[in-house]
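Each chain is listed here by its residues.
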Amino acid sequence: MFKDGNDGYTMLEAIKEAKRCLHCKVPLCKKGCPISNDIPDWIHELSMGNLGNAMALINAKSSLPAVCGRVCAHERQCEGHCVLNKKGEHIHIGKLEQFISDFDSNMGLTHENILPKNRGRVAVIGSGPAGLTVAGELARKGFAVEIFEMEPEPGGVLMFGIPEYRLPKDVVRREIKKIEQLGVAFHCNTTVGHDYTIDDLFHHGFDAIFMATGTGKPKRLDIPGGNLVGVRQAVYFLRRVSLYNSGYLNRDEVHVKEGHKVFVVGCGNTAMDAARTAVRLGAAEVTVVYHRTVDEMSALRAEYDDAVSEGVKFLWKSSIVEIHDKDGELNEVVIETEGERVVLEADKVIMAVGSKPASRIVSTTHGIEVDNKGYVITRDVPYGMTTRKGVFAGGDVTNRPATVVHAMQDAQKVAEGIIQYVDAIKLLDAIEQPKDEKTN
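Bear in mind that the values here come from a model prediction, so they are computed numbers and not experimental data.

Enquirer: Quick one: what's the story with the overall build of the chain, residue by residue and with numbers?
Expert: Helix and strand content of the chain: 17 helices and 17 strands. Computed over C-alpha atoms, the radius of gyration of the chain comes to 23 Å, within 12% of the 22 Å expected from 2.2 N^0.38 for 440 residues, which places it in the range of a compact globule. Structurally, the chain occupies a C-alpha span of about 80 × 55 × 35 Å along its principal axes. Counting across all 440 residues of the chain, residues that qualify as buried make up 51%. Contacts in the chain between residues at least 24 apart in sequence constitute 67% of all its contacts with a sequence separation of at least 6.

Here it is in structure tokens:
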């Protein structure tokens, strides 16, 4: 039985769970949340059946609650800090947030006030969690925001990087619709660095630009056979599966076929996503190969446990050192475990060993500096501004966040930096404007 991202509470179950909350005077759960969500307060509102109030409190801190409720690393954040966790009875905060946001959307409870969009114009490049967060924050504060997305649908990693079973795409579309209703405009199938440059966007009248382009260029392992057709990067594989599930690709365009023997290299959450997705596609065997131990993996323990329950195998302290082919078709992997080598049959190898920023925007724009690994350099005042005036960056492209909520945390700080910058240049323009122009 596969676990599904839509599994949630009924109304009775949610209120019963909410009533267990101690409403601590010093809420450790809030301290464990990167965006300082007012967790005890909205749980208290839920416990009394005040779902509208609970949603309002959540919306004040999060633009993507239905997403966070499903994919946040709760065991390391809010739930891991809950005082009841000492007894192994922590409040299931993620499922409660999921319930409230789902109920609110299904019932159409929340209708946010839309301010006039006269404070400034901001272009956002990329519509992942960082881009959507900045767009939502700025739209709520009177900015006209337009998002430029290279994919056929907005959502970035939420839509094309996290599997359907963990994050249903209808949930992502619903969250995006809420941001669109704030007045944010979306331009899909549009690649900045190809269709437009940063200079083009400034010429179109934007006061500031936010780069939320993530790390779309996968890292590779330099091993014999690493360039064979049967070797694919996890982010590429997951993207193709999402495109297939959304109707943009045919099944034969997806890397893994029924009956395949698949090896996944790496042991982070992306590796778990790739392995579990391969199982769902009908792979006969899926094996994760990791050069360290289970206690050193970066994947959440819950994701690992679910992978094991779904039949994924694990080889610890092991590495794929060679990949063989027969007439150009991948057919074997050579695995080394503590000095011993073994040759195993294989059909596909999926690499989940990290990624880095693409250079598409930086290479077509003057003045944006990067470090020796390609990550965009930003400043603290105003927070998030790059070495190019008016251009800001946040999220994975700056090498700060590691999860969806951390990208949101960083983006909220960048949004404040953009507000400071645009307000400042508008004020300077008003001061420098000739008196006769101001009176006309």
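Enquirer: Before we move on, could you go through the packing of aromatic side chains and cite the residues and values that matter?
Expert: With the rule as written, the count across this model stands at 8 aromatic pairs. With a centroid separation of 4.8 Å and an interplanar angle of 70 degrees, the aromatic rings of Tyr-304 and Phe-314 are classed as edge-to-face. Here Tyr-304 is found in helix H14 (residues 301–309), whereas its partner Phe-314 is found in strand E9 (residues 313–315), with 10 residues between them in sequence. Of the residues examined, Phe-314 reaches a relative accessible area of 15% and is grouped as buried. A connected cluster of aromatic rings, assembled from ring pairs, spans Tyr-290, Tyr-304, Phe-314 and Trp-316. Across the ring face of Tyr-244, the terminal group of Arg-251 is positioned such that the distance to the ring centre comes to 6.0 Å. Directly above the aromatic system of Tyr-165 lies the positively charged group of Arg-280, at a separation of 3.8 Å from the ring centroid.

Enquirer: How would you sum up the sheet that holds strand E6 (residues 231–233)? Please name residues and give values.
Expert: Spatially, the 5 strands line up as an open sheet ordered E6-E13-E7-E8-E9, and their pairing is parallel. Where the open sheet ends on each side, the last strands, each with one partner, are E6 and E9. Along the sheet, successive strands turn relative to each other by an average axial angle of 25 degrees, direction set aside. Docked against the sheet, helix H12 (residues 234–245) engages E6 and strand E13 (348–351), running at close to 80 degrees with respect to E6.

Enquirer: Please give an account of H12 that cites residues and values.
Expert: The end-to-end C-alpha distance of H12, which contains 12 residues, comes to 16 Å, matching closely the 16 Å that a straight helix rising 1.5 Å per residue would cover. Within H12, the full set of buried residues consists of Ala-234, Phe-237, Leu-238, Arg-240, Val-241, Ser-242 and Leu-243. Looking at the buried residues of H12, the elements they touch are helix H9 (157–160), helix H10 (169–180), E6, helix H13 (269–280) and E13.

Enquirer: Tell me about the sheet that holds strand E10 (residues 318–326), and name the residues and values.
Expert: If you walk across this open sheet you meet the 3 strands as E10-E11-E12, and the pairing is antiparallel. Each having just a single partner strand, E10 and strand E12 (340–345) make up the two edges of the open sheet. Direction aside, the axes of adjacent strands within the sheet are offset by 25 degrees on average. Bridge analysis of E10 against strand E11 (residues 329–337) gives 8 bridges, and the strand direction is antiparallel.

Enquirer: Lay out the pairing of E11 with the relevant residues and their values.
Expert: Hairpin connection, E10 to E11: the antiparallel pair is bridged by 2 residues, and Asp-327 has positive phi, about 55 degrees. Judged from the 6 bridges that link them, E11 and E12 form a sheet pairing that is antiparallel. Pairing of Val-334 across the sheet is with Val-343, part of E12. The hairpin formed by E11 and E12 contains 2 residues between the paired strands, and Glu-338 there has a positive phi angle of roughly 50 degrees.

How each quantity is defined
Residues numbered from 1 in each chain as written. Predicted model: local features only at pLDDT ≥ 70, side-chain atom pairs only at ≥ 80, totals over all residues. Heavy atoms only, no water. Helix = DSSP H or I, 4+ residues; strand = E, 2+ residues; numbered from the N terminus. Rg over C-alpha atoms; globule rule 2.2 N^0.38 Å. Buried < 20%, exposed > 50% of the residue type's maximum accessible area, 1.4 Å probe, protein only. Contact = heavy atoms within 4.5 Å. Phe/Tyr/Trp six-rings, centres within 6.5 Å; stacked < 30°, edge-to-face > 60°. Lys NZ or Arg CZ within 6 Å of the ring centre and 35° of its normal. Pairing = 2+ DSSP bridges. Axes fitted to C-alpha atoms, helices over the stretch in contact; angles between N-to-C directions. Expected span 1.5 Å × (residues − 1).

Purely geometric stuff here, so don't read any function into it on its own.
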